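Inside the fold
Listed below are the residues making up each chain.
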Amino acid sequence: MTATCGMCERNLEAGYLCPGAALALAERLERMPKLYEALAGFLSPAARGITERVSLVLSEPGLPVDEAVLDLRYGGIALVLEQWRSDVQRVRGWGEPAVIGDVTGRVLRASRWLGMELPWIADCYPAAGDLAREVKELESFVLSIIGALPDRGRRIGQCVAVDTSGVICGAVLRHHNGETRIVCPWCTCVYEAEDFLMLKTLQPEEAP
Ligand SMILES: [Zn+2]
Ligand SMILES: [Zn+2]
């Protein structure tokens, strides 16, 4: 085995991202347009209510909008995603992508495109780990501003799937509100809601 995951450095048979890292990247790309939208509420220093905004504006006319938010909204997020898209297209020998439309549309198109090309990126793109890391950092940065941490989910237990060589997967499985099934981040085995109880009874003994 010579390949390793560019994110977590697990050994891989081939490729540049393990299934878990690829899934996490897919989810981040899917969330990115929503995070971008959420930033709009932080463009003004007083996104707290009309009355408060009026008094703030009146009392502190020079109060600047958050520059970090401005950067992210008017360039930052779109540029980061577009630069990665451009590089993936370059590596594949395709032309430069056209950058058109408003920033909202650009963020949406670039994240969708990267999401759709993810199988190729995980398998064949040597910089996949850097891409995944940068998208993760971008997301953390946005979250540090909008303050909404992602739902980490409730720990259900460890994955009990056994691979062909008899090794138990052991990945930590988390359940997020509203989910009716859990997909293991390592082995991608699927647990339906009715399996959750079975999963609990099969857990290895561990300290609470
Ligand atoms: Zn990995
Ligand atoms: Zn598993």
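In what follows, the structure referred to is the one given above.
Below, the structure is looked at part by part. (Residues numbered from 1 in each chain as written. Chains lettered and ligands numbered in written order. Predicted model: local features only at pLDDT ≥ 70, side-chain atom pairs only at ≥ 80, totals over all residues. Heavy atoms only, no water.)

Examining the environment of Leu 81
With respect to the helices and strands, Leu 81 occurs in helix α3 (residues 67–91). A residue is classified by how much of its surface remains accessible, and Leu 81, at 0% relative accessible area, is buried. C-alpha of Leu 81 to C-alpha of Ala 110: the two residues are 29 residues apart in sequence and 5.7 Å apart in space. Once you skip the residues sitting within four places of it in the chain, Leu 81 turns out to touch Leu 29, Met 32, Val 107, Ala 110, Ser 111, Leu 114 and Val 135. (Helix = DSSP H or I, 4+ residues; strand = E, 2+ residues; numbered from the N terminus. Buried < 20%, exposed > 50% of the residue type's maximum accessible area, 1.4 Å probe, protein only. Contact = heavy atoms within 4.5 Å.)

Comments concerning the coordination of the zinc ion (ligand 2)
Distances from the zinc ion (ligand 2) to its protein donors, namely Cys 159 (SG), Cys 169 (SG), Cys 184 (SG) and Cys 187 (SG), fall within the range 2.2 to 2.3 Å. Around the zinc ion (ligand 2), the four donor atoms are arranged such that angles at the metal cover 105 to 116°; this shape is classified as tetrahedral. Read N to C, the donor residues that coordinate the zinc ion (ligand 2) are spaced as C-x9-C-x14-C-x2-C. Of this pair, Cys 159 sits in the loop between β3 (154–158) and β4 (172–175) while Cys 184 is found in the loop between β5 (181–183) and β6 (190–192), placing the two residues 25 residues apart along the sequence. The residues Cys 159 and Cys 184 share a single accessibility class, namely buried. (Donors = N, O, S within 2.8 Å, 3.2 Å for Na, K, Ca; no water. Tetrahedral: all angles 85-135°; square planar, octahedral: opposite > 155°, others 65-115°.)

Some words on the coordination of the zinc ion (ligand 1)
At 2.1 to 2.2 Å from the zinc ion (ligand 1) lie its protein donor atoms, namely Cys 5 (SG), Cys 8 (SG) and Cys 18 (SG). Counting along the primary sequence, the residues that act as donors to the zinc ion (ligand 1) give the motif C-x2-C-x9-C. Note that Cys 8 is positioned in the loop between β1 (3–4) and β2 (11–12) and Cys 18 in the loop between β2 and α1 (19–39), a separation of ten residues in sequence.

Considering the pattern of salt bridges
All chains considered together, the criterion is met by seven salt bridges. Across the pair Glu 139 and Arg 28 runs a salt bridge, and its minimum N-O distance is 3.2 Å. Placement of Glu 139 in helix α6 (residues 128–146) and of Arg 28 in helix α1 is noted, with a sequence separation of 111 residues between them. Overall, the relative accessible area of 5% leaves Glu 139 in the buried class. (Salt bridge = Lys/Arg side-chain N within 4 Å of Asp/Glu carboxyl O.)

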